[in-house]
Amino acid sequence: MKFVTSILNRRAFVALAAASMLAGVMHSAPASAADVTIPIIVKDTTSFYWQIVLAGARKAGKDLGVNVPELGAQAETDVNGQISILENAVAGNPAAVVIAPTEAKALGKPIDEAATNVKIIGIDSGADSKAFTSFLTTDNIQGGRVAADGLAAAIGEANGGKVEGDVALITALPGAGSLEQRAQGFKEQLAAKYPGLKLVADKYADGQATTGLNIATDLITANPNLKGIFASNLIMAQGVGQAIAENSLAGKVGLVGFDSDEKLIKFLNDGVISALVVQDPYRMGYDGIKTALAASKGEKVEANVDTGANLVTKANMKDPKIDALLNPKLD
């Protein structure tokens, strides 16, 4: 009887010890999102626009308990730099990667290769790849249409209601998916709705504000009937705005820019810029990380998400919704 009791006691002890060890393993096992790393790779870490994107991603990381390395080149023209950053990020075995491709064609194959190892979430600009698990961006074709409408309204206001004259389009860089789509939407809208507006110049720059300034100055000199310009990103809007200001053409040559920073907001207040098409970069960063985390867990996510675009004028810039887009929290 004592022998049987001893066996039972030993079995009870072993069972208790095993339960205790299992509980210890379960307690120490990494089960929280804090152990998850999701890098975000932007086009240019120095740009105000991309700083807003990073701020949104940073906030998502804090809210979700995810480690979010903030990566990117020092200029949108550094395509090879971004490819190297992507390759190094994937080599770190993250749960997923969020990326805004700098150049559609060049990033296509690297994204295809990265996606064989990890979920890739695209934001802002497209690439020649079908490997994105989800893609969050402004409908840039629609953004171009909104810009055309804003420029037509500005030209009409400055010319007694007449929406006619020469207009120009200045694009920061060739080959960037988002910029090409904005140009497409702008030109389609001009052709469809504004027969009195003639596109006399469709220029590419090199991503530098000074080049935008020089192109715009040459256009102003060569085209006395120039009534408006669409500068399709923040850097070009800075340069073209400077040209309008230096030539004292505020209110005479309409200017619509894309995105915003302190300089462009001042130009808008001063009447140098007629309107801005403003995206929601904070949402791109935040929802990019949120979507990446869900995808890394095998959850179903939307293949395409439109994060929206708004036409901002001096008249509506103080509206709460617009003000939040113009003055996002970066901490």
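Residues numbered from 1 in each chain as written. Predicted model: local features only at pLDDT ≥ 70, side-chain atom pairs only at ≥ 80, totals over all residues. Heavy atoms only, no water.

- The name an unreviewed UniProt entry assigns to the protein chain is Periplasmic ribose-binding protein, sugar ABC transporter, from the organism Mesorhizobium ventifaucium.
- Of the protein chain, the UniProt comment under Subcellular location (unreviewed entry) reads exactly: "Cell envelope".
- Here is the UniProt Sequence similarities (unreviewed entry) comment for the protein chain, exactly as written: "Belongs to the bacterial solute-binding protein 2 family." (UniProt positions renumbered as here; feature names shortened; annotations may be inferred.)

### Structural notes on the overall build of the protein chain
Moving on, step 1. For the protein chain, the helix and strand inventory stands at 11 helices and 12 strands.
Moving on, step 2. Nonlocal contacts in the protein chain, meaning residues at least 24 apart in sequence, comprise 70% of its contacts between residues at least 6 apart.
Moving on, step 3. Of the roughly 15,500 Å² of accessible surface on the protein chain, a fraction of 53% belongs to carbon and sulfur atoms. (Helix = DSSP H or I, 4+ residues; strand = E, 2+ residues; numbered from the N terminus. Contact = heavy atoms within 4.5 Å. Areas by Shrake-Rupley, 256 points an atom, 1.4 Å probe, with all protein chains shown as cover.)

### Looking at the nonpolar core
Moving on, step 1. Ranked by size, the top nonpolar core spans 38 residues in total, and within it Ile170, Ile229, Val240, Ile244 and Val312 carry the most contacts.
Moving on, step 2. Breaking this core down by element, the ones donating at least two residues are β6 (165–171), α7 (209–222), β8 (226–231), α8 (234–246), α9 (262–270), β10 (275–278) and α11 (320–326).
Moving on, step 3. By residue number, the principal contributor to this core is α8, which donates six residues.
Moving on, step 4. Each residue touching Ile170, except ones within four places of it in the same chain, is listed here: Lys203, Gly212, Ile215, Ala216, Leu219, Ile229, Phe230, Ala231, Ser232, Met236 and Val240.
Moving on, step 5. The next biggest cluster of nonpolar side chains, apart from the first, holds 23 residues, and it includes Val42, Ala100, Met284 and Ala292. (Core = buried A, V, L, I, M, F, W, Y, C linked by side-chain atoms within 4.5 Å. Buried < 20%, exposed > 50% of the residue type's maximum accessible area, 1.4 Å probe, protein only.)

### Notes on the packing of α7 against α8
Moving on, step 1. For the pair α7 and α8, the least separation of the axes is 7 Å and the interaxial angle reads 45°. Between α7 and α8, the crossing angle belongs to the class labelled oblique. The crossing of α7 and α8 is right-handed. Of the residues in α8, those touching α7 at Ala209, Gly212, Leu213, Ala216, Thr217 and Ile220 are Ile235, Met236, Gln238, Gly239, Val240, Gln242, Ala243, Ile244 and Glu246.
Moving on, step 2. Within the contact of α7 with α8, the residues separate by chemical class into nine nonpolar, five polar and one charged. (Axes fitted to C-alpha atoms, helices over the stretch in contact; angles between N-to-C directions. Parallel < 35°, antiparallel > 145°, perpendicular 65-115°, else oblique. Left-handed = near helix turned anticlockwise from the far one by under 90°. Nonpolar A, V, L, I, M, F, W, Y, C, P; charged D, E, K, R; others polar.)

### Quick look at helix α10 (residues 281–296)
Moving on, step 1. Along its 16 residues, α10 runs 22 Å from first to last C-alpha, staying within 8% of the 22 Å computed at 1.5 Å per residue.
Moving on, step 2. Where α10 is concerned, the buried positions are Pro281, Met284, Gly285, Asp287, Gly288, Ile289, Thr291, Ala292, Leu293, Ala294 and Ala295.
Moving on, step 3. Of the residues one or two after α10, Gly298 is the one with positive phi, at around 85°. (Expected span 1.5 Å × (residues − 1).)

### Describing the side chain of Thr102
Moving on, step 1. Take Thr102: it is sitting in the loop between β3 (96–99) and α4 (104–114).
Moving on, step 2. If near-sequence neighbours (up to four positions away) are discounted, Thr102 is found in contact with Lys43, Glu76, Val79, Gln82, Leu107 and Ala176.

### Points about the side chain of Ser129
Moving on, step 1. Examined against the element boundaries, Ser129 turns out to sit in the loop between β4 (119–123) and β5 (134–137).
Moving on, step 2. A polar contact is formed between the side chain of Ser129 and the backbone nitrogen of Ala131, at a distance of 3.0 Å.
Moving on, step 3. Those residues in contact with Ser129, other than ones at most four positions away along the chain, are Gly108, Ile111 and Asp112. (Polar contact = N/O pair within 3.5 Å; in protein donor to acceptor, adjacent residues only side chain to side chain.)

### Focus on the pairing of β5
Moving on, step 1. The side-chain alternation of β5 yields two buried faces, one formed by Ser134 and Leu136 and the other by Phe135 and Thr137.
Moving on, step 2. The sheet contact formed by β4 and β5 spans three bridges and is parallel. Directly across from Ile121, in β5, lies its bridge partner Ser134.
Moving on, step 3. Alignment of β5 against strand β11 (residues 304–306), held across three bridges, turns out to be parallel. Looking at β11, one finds that Phe135 is bridged to Asn304. (Pairing = 2+ DSSP bridges.)

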